[in-house]
Structures are given as C-alpha cells and as structure tokens.
Amino acid sequence: MPLIDKFFLIRSTLVLASKARGFTSPNPMVGAIILDQEGNLLSEGYHQKAGTDHAEIVALKKAGTKAKDGILFVNLEPCSHYGKTPPCSQAIIEAGIKKVFIGTLDPNIKVNGQGVGQLREAGIEVEYGILEDECLQLNRFFFHWIKTAKPWITIKIAATLNGKIFSENTNKITGEEVKSRVHEMRAEHDAILTGSGTVLLDNPLMTVRLANSAKNPIRVVLDRRLRCLPSHNIFHQDGKIFLFTSLNNIEKANQLKFPNTEIIPYPDSLDELLIYLGKRNILSVMVEAGFEINSFFLNSSIRNLDGLLKPRFNELFYFLSPKVFPETALSFSSIQEISNLKLKSVKQYGEDLLLQILP
C-alpha cells in the first residue's frame, strides 16, 4: 500500500462532512474519500441531508468500477442496517474496497461495531479511532441524542459587564459581529427555544438570515399563559413553530390560528420537554431566552455516575459586552451553585468577547 497520511485524509472527511452542517439531522454529518491502489484521489462525497445517499455511497458512485482495490476514508463507521437507505457496509464490500480508515465508531446500537465487523468478515482491512476526538466533536449533537434520547442543549446569553440582558433604554447589547455569529450558531441547531417574555419584549424574528442558510430551525416557544399573539414576528418566518401552552389555553390557542404553528401542551418538567423534543427528532436546541428560562436550564441538574450534580445543559456561549446597564435592567438569570464549569475558549467579536463554557 502506498504511503498515505491517514490523519490528513480523515480531517479532510470532516471538512467535507461540515458542508452539510445544519441539514443532515437526525442523521450525522459524514464525509468520505476514496483513493486508488497508488494513493491517487478517485472521488469524495458527503451526506447532504436525511433520506439522501450516505457519504460512502456518493463517493462510491463517483468512483464507479475504479473503486475496486481502493482505499476508503470516512469520519464515521459505515452503517450496517437498512434505514431510509441500504447499508453502506454492503456497498463497500460489493465495490471491492480493500482498506477502510474510520474516524470513530457509530454509537447507534444498530451499527456500533457491526459495520466494522461486516467489513472484516469480507476480508477488508479496517482501522478506526483516527482523530476520534475531532470526529466526536463534529457530531456531538448526534452522539448525545443517540445515547440519551434527548437533544443537546446550548445556552446562548448576551450580557453586559454587570450581567444585564435588557434595558428599557436599549436592548442592543452586542455588536454586528456577534449578530452574524449567533445566526451561524442558530443554523447549526435543529431548534431555537425561547419564552413568551422574550417574544413580548423583543418581538424577535429568530431566523438565520445572516448565516447563508436555506433553513430556519424549528422555533420552540414556551408560553404557559398564552401571552403571545399571532401578529408577533416569530410566527411569520419560514419554518415550523412549536408553541407550548397550558392545557387550559390549548383551545384558545387553536382558535387564534397562529401561522406555521403546532400547539402542544406545556410540559410538567424540563425532562418531559427534552424527552418530547428528542422523540420529534430534534437533536440540538439553542436556548435564547430571558431570566426565567435561563434560570430554568442553568439551575436544573442531574447526578452522574460519580454521584455529582451535573448541569442539564451541554454548552454555554456567553457573549460579554463591555457595556454597563443600570441596576434596574433585567439580569440573565438567578444561578444557584454550579461547580466544575470549564472555560473551553475565548474569542473576540468586535468589542465583545465570546466565552465558550462546558459543564
């Protein structure tokens, strides 16, 4: 076999896979590259959206008969079961591929290790666990959903130096550079979650219009008291709305005829909400809300295997503005004690800072 850089090529599959960021759910993002026996590039491909060919199939179709005795690189273990599409493992075997390099195994119990097993039984040499951390990071929403049946929760907060998120004088906290980044973040998630308080105060659009994305996430609005009106901006953008309200308000909400909106009974708990969203194939939720809902998520916790309390959110993006609002302005939450938070990164956007924090 020719001398090849498996790390470079697996990283290249991640770049390919990322082209479909925000479009593959509930499937993972996957890229594939095929080389011939001499190490020359034959083809590459990526999974574009659920229901279409998987990355391996795209690359195999492009390579045609030249794929025989070739080398396949893919960031995620090839599937071994029938879903909306046939198993990729069988297609790889039939194409005559001789060697497969895989970034990470698929945690789905329908696949986990079985794809590798089928390839090896067919006499194909397989190596996996290449740049595994990077592969896991790319599809962290998918892996979390597969393991927990609940969506990954990203909390986004934009606050002043003194922790304020809204003032009657101005609700503009961060600059235009942050706005573009927030739209990119929205486009990566399946849903945006907010509350009636934010809708009433800001009348937001909650779209991805600055992210060059063709698809708005599902907007999830928590409105127990049914304070929102069909005239609010959020109900007049492309894409679905899930409006959660109390059982007493369901009939009234239906009579109001909110456009593009599904009316759903208000959950009894945070767990019930997350389980419901997970069952609706929502792998990731970005929380953009006010005091009450931020507190709802930040103060909720679960005990891990070590018996330690762990927050129920998975990631916190805290945009910090150098401004100071008056003490009468609204704060972002009332946080109880949260231990063991980790600062993953700090980036500057214009005059503002983004702190990426993990529990």
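Structure: see above.
Not measured: the values here are computed from a predicted model. (Residues numbered from 1 in each chain as written. Predicted model: local features only at pLDDT ≥ 70, side-chain atom pairs only at ≥ 80, totals over all residues. Heavy atoms only, no water.)

Peer 1: I'd like to hear about the sheet that holds strand S1 (residues 31-35), residue by residue, with values.
Peer 2: Reading across from one edge, S2-S1-S3-S4-S5 is the order of the five strands in this open sheet, with mixed pairing throughout. Two strands close off the open sheet at either side, each with one partner strand: strand S2 (41-46) and strand S5 (125-128). Averaged over all pairs of adjacent strands, the angle between strand axes in this sheet comes to 15°, irrespective of strand direction. Looking at chain direction, S1 and strand S3 (residues 71-76) are connected through four bridges and run antiparallel. Note that in S3 the partner of Ala 32 across the bridge is Val 74. Here helix H1 (residues 6-18) sits on the sheet and contacts S1, S2, S3, strand S4 (99-104) and S5; the angle it forms with S1, its principal contact strand, is near 135°. (Pairing = 2+ DSSP bridges. Helix = DSSP H or I, 4+ residues; strand = E, 2+ residues; numbered from the N terminus. Axes fitted to C-alpha atoms, helices over the stretch in contact; angles between N-to-C directions. Contact = heavy atoms within 4.5 Å.)

Peer 1: Talk me through the layout of surface pockets; I want residue IDs and the actual numbers.
Peer 2: Its boundaries defined by the atoms lining it, the largest pocket holds a volume of some 1,200 Å³. Around the largest pocket, the lining is made up of 41 residues, and of these Thr 198, Asp 202, Met 206, Glu 288 and Ala 289 lie nearest the centre. Those elements that place two or more of their residues in the lining of the largest pocket are strand S6 (152-159), strand S7 (164-166), helix H7 (176-188), helix H8 (196-202), helix H11 (291-298) and strand S16 (330-331). Residues of the lining of the largest pocket, tallied by class, amount to 18 nonpolar, 11 polar and 12 charged. (1 Å grid on protein atoms, 1.4 Å probe; cavity = no way out; pocket = protein on both sides within 12 Å on 5 of 7 lines; lining within 4 Å. Points joined across faces, edges and corners; volume = space filled by probe spheres on them. Nonpolar A, V, L, I, M, F, W, Y, C, P; charged D, E, K, R; others polar.)

Peer 1: Run through the packing of helix H3 (residues 88-95) against helix H4 (residues 114-121), naming residues and quoting values.
Peer 2: At their nearest, the axes of H3 and H4 sit 9 Å apart, and the two run at 20° to each other. The angle between the axes of H3 and H4 places the two elements in the roughly parallel class. The handedness of the crossing between H3 and H4 is right-handed. Together, Ser 89, Ile 92 and Ile 93 of H3 and Gly 115, Gln 118 and Leu 119 of H4 make up the contact between the two elements. Of the residues in the contact of H3 with H4, the class split is three nonpolar, three polar and no charged. (Parallel < 35°, antiparallel > 145°, perpendicular 65-115°, else oblique. Left-handed = near helix turned anticlockwise from the far one by under 90°.)

Peer 1: I'd like a rundown of the pairing of strand S8 (residues 191-195), residues and numbers included.
Peer 2: Of all the five residues making up S8, five are buried; the element is thus mostly covered by neighbouring parts of the structure. Going residue by residue along S8, you find Ala 191, Leu 193 and Gly 195 tucked away on one face and Ile 192 and Thr 194 tucked away on the opposite face as well. Here S8 runs beside strand S9 (residues 218-222); their pairing, made up of five bridges, is parallel. Residue pairing for S9: Gly 195 is matched across the bridge by Leu 222. Where S8 lies against strand S12 (residues 284-287), three bridges are found, and the strand directions are parallel. Its bridge partner lying in S12, Leu 193 is registered against Val 287. (Buried < 20%, exposed > 50% of the residue type's maximum accessible area, 1.4 Å probe, protein only.)

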